[in-house]
Amino acid sequence: MRPVLLGLCVSILSVAAAPDGAAIYATRCAKCHDKPDDRIPSKETLSKKEPQAVGRALGGSMAPFAIGLTDLEVGALVSHVTGKVLPVSGPAAETNICPGTPPKFSLDGPQWMGWGRDLDNSRYQPKPGISAEDVPKLKVKWAFAYPVNYTYGQPTVAGGRVFVTSGPGRIYSLDAKSGCVYWTFDAGAGARTAVSIAALPKGAAAKYAVYFGDEKANIIALDADSGKMLWKTRLDVHPFARITGAPILNGNRVFVPVSSVEEVPGRDPKYECCKFQGSVAAVDASSGKLIWQTRAMSDPPRAFKKSSTGTDIYGPAGAAIWSAPTVDLKRKAIYAGTGNSYTDAEQRTANSIVAFDMETGSLRWSNQVTPKDNFLVGCNKPGVGNCPEDAGPDVDFGSSPILRTLKNGKQVILAGQKSGVIYAMDPDQRGKILWQEKIGEGSPLGGIEWGPAADDDQVYVAISDVFPKAGKIPGGITALKIATGERVWSVAPTKVKCGWGTWNCNPAQSAAVTVIPGVVFSGSMDGHLRGYATKDGAVVWDFDTGVDFPTVNGVKGKGGSIDVAGPTIAGGMMFVHSGYGRLIGQGGNVLLAFTVDGK
């Protein structure tokens with residue numbers, strides 16, 4: 001399971017009609033949040049959230065658990081948890097609208113498209129418009145603040161604009177140079193994916209379309225010029241399904257991964273666990289029509305035994321696909337990494353790299369590196385309730401596979417796992433492992449979280465290990481030769497003077513890595529964004545984003561933890577979100593734009 005959960009892990013039980021927030025919390029929430037595990041936030045953590053964030057969780061990702069609650073009861077519950085009143089007004093209009101008539105959008109010029117910039121998901125920007133010598137001079141040019149205290153999706157850069165999704169579900173088109181707003185679109189559900197953009201065929205409703213996924217498993221297309229919705233397609237009706245990985249485009253097809261958080265309700269002994277299965281879908285870019293959708297698990301879920309409380313247990317289930325798929329044009333294949341299994345039902349494609357046929361969607365091959373990784377959140381007693389008897393460590397492939405071509409023409413798939421191991425696999429031999437290297441300890445929130453970056457010769461791997469073993473410090477980054485797996489250099493985690501445990505004392509490097517010629521960038525949970533020399537790992541730039549910022553839109557801006565998304569670089573500018581506090585870490589609300597000397 002990926003670290004995406006914020007909200008109230010509430011069980012499906014009846015409550016009194018009176019809007020007594022304390023009573024509702026005691027009945028529905030206390031069993032999880034009064035005794036939180038490594039990914040369920042404590043009540044104290046929730047108390048620091050904005051009421052809008054908790055309210056949105058109950059209306060979005062946690063909606064199935066809020067069944068039966070009236071609006072008044074939801075408001076009372078949120079007020080009890082946060083100590084603040086839940087506003088009932090709609091989202092406020094933006095104030096810093098770009099003046100004059102907006103220029104027509106075009107895909108000409110510098111770009112960072114989607115999650116990995118290219119179809120390989122390399123996260124390598126070969127023409128950044130910033131030299132390695134420029135990096136020490138990077139300064140904030142402008143900051144844009146969101147009205148909520150957490151940041152989400154990775155920025156996309158194209159046509160002189162920056163496109164970003166947000167936790168409340170508002171999508172923004174901003175001017176890259178100034179941060180003014182061209183348009184916004186309210187999706188009606190949280191959205192955390194990176195945006196991908198493509199030109200549409202002649203005769204289509206728009207010239208260019210913007211694509212993103214939301215937390216209700218919808219893939220949505222907008223007119224890149226106006227923000228008007230072109231179409232919306234729901235890819236999974238499971239109540240806990242969502243899209244967290246960015247869509248990726250080729251030709252007139254959009255390839256979309258589907259994930260879920262069914263691991264959370266799964267431990268409720270009254271819940272029939274589990275029926276979700278991860279998938280990849282191919283959607284027509286012009287119309288939104290589903291072309292094919294293939295689940296990572298070939299057998300449909302079926303009831304195969306009873307739980308210790310008599311509830312049916314289903315399987316196989318799981319193998320959520322959390323991250324953007326990778327396109328291999330040479331082999332006409334789509335690669336994806338899968339998550340863990342949810343139950344003890346036998347399966348062979350969880351915790352795997354899987355390959356789909358690009359045209360038909362058929363599953364060509366899979367390579368499972370960790371079998372029997374059966375996991376539900378909060379299951380401390382195997383076999384009790386719905387908890388798997390053969391429980392696993394929860395070490396998904398949560399990051400996108402990277403396809404790289406060696407100097408001899410040979411291609412390899414690089415895949416980072418939460419076990420702390422990075423693999424090189426052979427796409428011509430059904431994913432056969434060529435080499436593997438263990439870099440981090442690994443854990444449900446450890447190891448390799450959101451993914452490495454790779455240039456032509458080296459792969460750069462940051463480590464989370466956010467809850468380290470005694471005496472250890474989380475974080476660190478390592479460079480390996482792609483051809484052999486040989487370590488080139490390794491930089492230890494940053495030592496901190498204060499005691500580990502508070503957000504600004506936790507240097508875990510969970511966020512995705514980004515590389516340009518000569519410098520690799522990695523953000524950390526303590527709010528720092530650092531640039532390391534690709535030659536030897538020397539830190540050439542270190543910027544603390546966890547501070548207050550004046551903003552171009554007048555909203556009070558504050559940075560925090562950097563997690564999930566990495567920086568995107570194009571046209572001499574670097575963009576990064578600071579303030580990912582959805583699960584752990586410090587919340588914040590800023591999008592930062594860097595240039596050389598801030599000019």
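Residues numbered from 1 in each chain as written. Predicted model: local features only at pLDDT ≥ 70, side-chain atom pairs only at ≥ 80, totals over all residues. Heavy atoms only, no water.

*Asks:* Residue-level account of the overall build of the chain, with values.
*Replies:* Across its full length, the chain carries five helices and 37 strands. Of all 599 residues assigned to the chain, the portion counted as buried reaches 62%. For the chain, contacts bridging at least 24 residues in sequence account for 60% of all contacts bridging at least 6. (Helix = DSSP H or I, 4+ residues; strand = E, 2+ residues; numbered from the N terminus. Buried < 20%, exposed > 50% of the residue type's maximum accessible area, 1.4 Å probe, protein only. Contact = heavy atoms within 4.5 Å.)

*Asks:* An account of the sheet that holds strand 22 (residues 411-416) is needed here, citing residue identities and associated values.
*Replies:* The four strands lie next to each other as 21-22-23-24, forming an open sheet whose pairing is antiparallel. Each edge of the sheet is formed by a strand with only one pairing partner; in this case those strands are strand 21 (402-405) and strand 24 (432-438). Across the sheet, the mean angle separating the axes of adjacent strands is 25 degrees when strand polarity is ignored. Two elements, strand 23 (residues 421-426) and strand 24, share six bridges in a ladder whose sense is antiparallel. Within strand 24, the residue paired with V421 across the bridge is K438. (Pairing = 2+ DSSP bridges. Axes fitted to C-alpha atoms, helices over the stretch in contact; angles between N-to-C directions.)

*Asks:* Just give me the short version of empty space enclosed by the protein, but keep the residues and values in it.
*Replies:* According to the stated counting rule, one finds four cavities of 30 Å³ or more in the structure shown. As a volume, the largest cavity reaches approximately 90 Å³. If you go around the largest cavity, you meet 16 residues; those closest to its centre are W115, R192, T244, W450 and V564. Tallied by class, residues from the lining of the largest cavity come to nine nonpolar, six polar and one charged. (1 Å grid on protein atoms, 1.4 Å probe; cavity = no way out; pocket = protein on both sides within 12 Å on 5 of 7 lines; lining within 4 Å. Points joined across faces, edges and corners; volume = space filled by probe spheres on them. Nonpolar A, V, L, I, M, F, W, Y, C, P; charged D, E, K, R; others polar.)

*Asks:* Please give an account of the pairing of strand 20 (residues 363-368) that cites residues and values.
*Replies:* For strand 19 (residues 352-357) and strand 20, the ladder comprises five bridges, and the chain directions are antiparallel. Within strand 20, the residue paired with V354 across the bridge is S366. Here strand 19 folds back onto strand 20, and the loop between the two strands holds five residues, one of which, G361, carries a positive phi near 85 degrees.

*Asks:* Talk me through the pattern of salt bridges; I want residue IDs and the actual numbers.
*Replies:* Within the structure shown, the criterion is met by 27 salt bridges. When the shortest N-O distance is used, the salt bridge between R295 and D236 registers 3.3 Å. Here R295 is found in strand 14 (residues 290-295), whereas its partner D236 is found in the loop between strand 9 (229-234) and strand 10 (241-242), with 59 residues between them in sequence. Residue class for R295 comes out partly exposed when judged on its relative accessible area of 34%. Taking the shortest distance from any N to any O, the salt bridge between R331 and D328 comes out at 2.8 Å. In terms of burial, R331 and D328 fall into one category: buried. (Salt bridge = Lys/Arg side-chain N within 4 Å of Asp/Glu carboxyl O.)

*Asks:* Give me the lowdown on the confidence of the model for the chain, citing residues and values where you can.
*Replies:* Looking at the chain, pLDDT values average 89 and 89% of them are 70 or higher. Contacts from residues 2-17, a stretch scored under 50 in pLDDT, to residues over four places away or in other chains number 72 contacts. (pLDDT = per-residue confidence, 0-100.)

*Asks:* So what about the nonpolar core? Which residues, and what values?
*Replies:* Within the largest apolar cluster, 30 residues are counted, with the highest numbers of intra-cluster contacts made by Y211, I219, L235, C274 and Y342. When residues of this core are traced back to their parent elements, those giving at least two are strand 7 (208-213), strand 8 (218-223), strand 12 (253-260) and strand 13 (279-284). With three residues, the single largest contributor to this core is strand 12. I219 has contacts with Y211, F212, G213, W231, K232, T233, L235, I243, P247, V256 and V283, leaving out every residue within four places of it along the chain. (Core = buried A, V, L, I, M, F, W, Y, C linked by side-chain atoms within 4.5 Å.)

*Asks:* Which residues make up the side chain of D563, and what values do they have?
*Replies:* Of note, D563 is situated in the loop between strand 34 (557-558) and strand 35 (568-570). With residues near it in sequence (within four places) discarded, D563 still touches W450, S510, A511, M525 and Y580.

*Asks:* Any details on the sheet that holds strand 6 (residues 196-199)? Residues and values, ideally.
*Replies:* With antiparallel pairing, four strands are arranged side by side in an open sheet as 6-7-8-9. Since the sheet does not close on itself, it has two edges, and those belong to strand 6 and strand 9, each with one partner. Recorded for the sheet is a direction-independent mean angle of 20 degrees between the axes of neighbouring strands.

*Asks:* Summarise the environment of G571; cite the residues concerned and give the values.
*Replies:* Relative to the elements of secondary structure, G571 occurs in the loop between strand 35 and strand 36 (573-578). Judged by its relative accessible area of 46%, G571 falls in the partly exposed class. Counting along the chain gives 444 residues from G571 to K127, while the straight-line C-alpha distance between them is 8.1 Å. If we ignore the near neighbours within four places in the chain, the residues touching G571 are P110 and P128.

*Asks:* How would you explain the environment of V74 if you had to name every residue and give the values?
*Replies:* As for its placement among the helices and strands, V74 is situated in helix 5 (residues 71-82). What makes V74 buried here is its relative accessible area of 15%. In sequence terms V74 and D20 are 54 residues apart; their C-alpha atoms lie 9.7 Å from each other.

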